[in-house]
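Coordinate analysis (summary)
Okay, here's what each chain looks like letter by letter:
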Amino acid sequence: VVVHRNCETRLECERCGQIYDIHCDVVNTCERCGSLLEVKYDFERAGNPDVSLILKGSNKCDSLMLWHFKELLPHPLDSDIVTLGEGGSPIRRLSKVSEMLGVKVYAKYYGTNPTGTHKDLGMSVAVSMAKELKVKTALTFSTGNAATSLAAYANLAGIRTIVLTRDEISREKLLNILALGATVVQVSGLKDPWKALNKVRKKVRVYTFTNFVNPFRAEGHKTLAYEVFAKLHEDADFVVCPLGTGGGLWGTWKGFKEMRTLGVMDNLPRMVAVQPEAVMHTVKAFKEGKETAEAFGEGRNTVVQSLADSEPFYGATRPLQALKESRGDAVSVTDQEVIASVLELGKEGYFVEPAAATALAALKREVDNGFVSKGDTVVLSLTGTGLKQPEAIEETVRNGIVKMGMEDLDRLFKIIVGDPT
Ligand SMILES: [Zn+2]
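Residues numbered from 1 in each chain as written. Predicted model: local features only at pLDDT ≥ 70, side-chain atom pairs only at ≥ 80, totals over all residues. Heavy atoms only, no water.

1. Re the pattern of salt bridges
Taken as a whole and assessed by the stated rule, the structure comprises 25 salt bridges. With a closest N to O distance of 3.0 Å, glutamate 14 and arginine 318 form a salt bridge. Of this pair, glutamate 14 sits in the loop between β1 (9-13) and β2 (19-20) while arginine 318 sits in helix α11 (residues 317-325); the two residues are 304 residues apart in sequence, bridging distant segments of the chain. The shortest N-O distance in the salt bridge between lysine 222 and glutamate 219 comes to 2.7 Å. One end of the pair, lysine 222, and the other, glutamate 219, are both in helix α8 (residues 217-231), three residues apart, so they sit about a helical turn from each other. By relative accessible area, lysine 222 is classed as buried at 0%. For glutamate 219, a relative accessible area of 1% gives the class buried. Beyond isolated ion pairs, a larger network of salt bridges with shared partners links Glu219, Lys222, Lys254 and Glu258. (Salt bridge = Lys/Arg side-chain N within 4 Å of Asp/Glu carboxyl O. Helix = DSSP H or I, 4+ residues; strand = E, 2+ residues; numbered from the N terminus. Buried < 20%, exposed > 50% of the residue type's maximum accessible area, 1.4 Å probe, protein only.)

2. Quick notes on the coordination of the zinc ion
Taken together, the protein donors to the zinc ion comprise Cys13 (SG), Cys16 (SG), Cys30 (SG) and Cys33 (SG), at separations of 2.3 Å. Taken together, the four donor atoms surrounding the zinc ion define angles of 97 to 118 degrees at the centre, an arrangement classified as tetrahedral. Going along the chain, you hit the donors of the zinc ion in the pattern C-x2-C-x13-C-x2-C. Residue class for cysteine 30 comes out buried when judged on its relative accessible area of 4%. Residue cysteine 33 is classed as partly exposed on the basis of its relative accessible area, which comes to 27%. (Donors = N, O, S within 2.8 Å, 3.2 Å for Na, K, Ca; no water. Tetrahedral: all angles 85-135°; square planar, octahedral: opposite > 155°, others 65-115°.)

3. Focus on the pairing of β1
Burial analysis of β1 places four of its five residues in the buried class, the great majority of the element. With five bridges joining them, β1 and strand β3 (residues 37-41) adopt antiparallel strand pairing. Opposite cysteine 13, over in β3, you have leucine 37 as the bridge partner. Bridge count for β1 against β2 is two bridges, and the pairing is antiparallel. Bridged to leucine 11 within β2 is tyrosine 20. Between the end of β1 and the start of β2, which pair antiparallel, lie five residues, with glycine 17 showing a positive phi angle near 80 degrees. (Pairing = 2+ DSSP bridges.)

4. Regarding a nonpolar patch on the surface
Side chains of Val402, Met404, Leu412, Phe413, Ile415, Ile416 and Val417 sit close together on the surface and give an oily, nonpolar patch of about 630 Å² of accessible area. Following the sequence through the fold, valine 417 ends up in the segment after α15 (409-416). With relative accessibility at 69%, the residue valine 417 sits in the exposed group. (Patch = residues over 30% accessible without salt bridge, like charges linked within 9 Å, V, L, I, M, F, W, Y side chains within 5 Å. Areas by Shrake-Rupley, 256 points an atom, 1.4 Å probe, with all protein chains shown as cover.)

5. Digging into the nonpolar core
Grouped together as the largest cluster of nonpolar side chains are 84 residues, with contacts concentrated most on Leu55, Phe209, Phe216, Phe256 and Met259. When residues no more than four places from it in sequence are discounted, the contact partners of phenylalanine 216 are Leu11, Ile22, Val39, Pro74, Gly122, Val125, Ala126, Met129 and Tyr207. Core analysis: the second largest hydrophobic core is formed by 37 residues, Val97, Phe238, Val331 and Ala356 among them. (Core = buried A, V, L, I, M, F, W, Y, C linked by side-chain atoms within 4.5 Å. Contact = heavy atoms within 4.5 Å.)

6. What to know about the side chain of glutamate 311
Residue position: glutamate 311 is located in the loop between α10 (281-287) and α11. Apart from residues lying up to four places away in sequence, glutamate 311 is in contact with Lys191, Asp192, Trp194, His281 and Ala295.

7. Focus on the packing of helix α4 (residues 119-132) against helix α5 (residues 145-157)
It is at 9 Å that the axes of α4 and α5 come closest, and there the two elements cross at 40 degrees. Handedness of the α4/α5 crossing: right-handed. Contact residues: α4 offers Lys119, Asp120, Met123, Ser124, Val127 and Lys131, while α5 offers Asn145, Ala146, Ser149, Leu150, Tyr153, Ala154 and Ala157. Grouping the amino acids of the contact of α4 with α5 by side-chain chemistry returns seven nonpolar, three polar and three charged. (Axes fitted to C-alpha atoms, helices over the stretch in contact; angles between N-to-C directions. Left-handed = near helix turned anticlockwise from the far one by under 90°. Nonpolar A, V, L, I, M, F, W, Y, C, P; charged D, E, K, R; others polar.)

8. Topic: α5
Helical geometry note: an α-helix holds 3.6 residues per turn, so side chains three or four residues apart project in the same direction. With 13 residues, α5 should reach 18 Å at 1.5 Å per residue; the first-to-last C-alpha distance of 18 Å fits that figure. Burial within α5 is extensive, with 11 of its 13 residues counted as buried. Among the residues of α5, those classed as buried are Asn145, Ala146, Ala147, Thr148, Ser149, Leu150, Ala151, Ala152, Tyr153, Ala154 and Ala157. The inward-facing, buried residues of α5 abut α4, β6 (137-141), β7 (160-165), α6 (171-179) and α8. One or two steps after α5, the chain reaches glycine 158, where phi turns positive at roughly 80 degrees. (Expected span 1.5 Å × (residues − 1).)

Here it is as structure tokens:
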């Protein structure tokens, strides 16, 4: 008999309460009512005395890899864990941005992960569970980053991967996914990917890795909360998360709530979601006090490819709930603000993709409108590297190139001494 150390973990339907076994039941959504499932922990029954040790004992260590937090995550036996060395990126103070805004700004930069984005955290958890469940074929929709991550982990685990994506996907992302062995299905004119996925799932039983429909991915994002606790030597007042499906934001908030349940953290930060103005469905719903969001805008109208879904996933009910519970806020930003923020983060040494830069653009708005006050402590979730979509800033930076022939070397000398005329 195999005994799992955190056998007090289960999947629970958020509507009808049906319970599923995380180690045996190959389920995406509730088989009874079709609603989303959530990973629940019986912390009391677990009586896990080393929880605070896992979290607090790690203060001095700046390299907390994802599986350091194994006991606080759904996990199979060690032999089934699929890892590429994800997690462990530092939370670093952004001194120039802090000075500019009068706020203590920290960056959680995920670009150092195996495929360059925060998706690796959730995918390592989700693919590990899928391997234990003996899943053979994986299906997902993605604007690119999640698919790249799934392709990497599934390829390692020997799971065949099929990715639905749009025409607009960047060349870098597309080639990444293909190099990692996945089958790419580009659907032209794909407006509502969630509806398309549901259609497929109704016809063929296939295990899916889309955020939330896969109940394990958001669990990986809880580690942002753990790391804020372990690495920041003060309480964070705000955590700003770019919002696509909302899995990162919701998972992070879940991590904070579970730490409160475990009795290791009292003051939870307020969550701030940010979307590009072109598809600000969840921002709109939040401002109107609604519990579900409706389709809004057109994804092709923004440079922020990773967040370019005009259809909210499952009505964005989970991220909206997280914003409400945390007394947070939602803001939209323009492409112009996003590109400016990419370059500002460049001054801090990070080249991020537009989606990550939305976090800084949002913070600037929140400081301007007074939601964030001078002296507050803010953590920005910088979700991915700029190398995945470099053409986003091409137009802006191209004129920085100086072209010359060998006969013009005098001009180079002038540039060196600081006279670029
Ligand atoms: Zn149900």
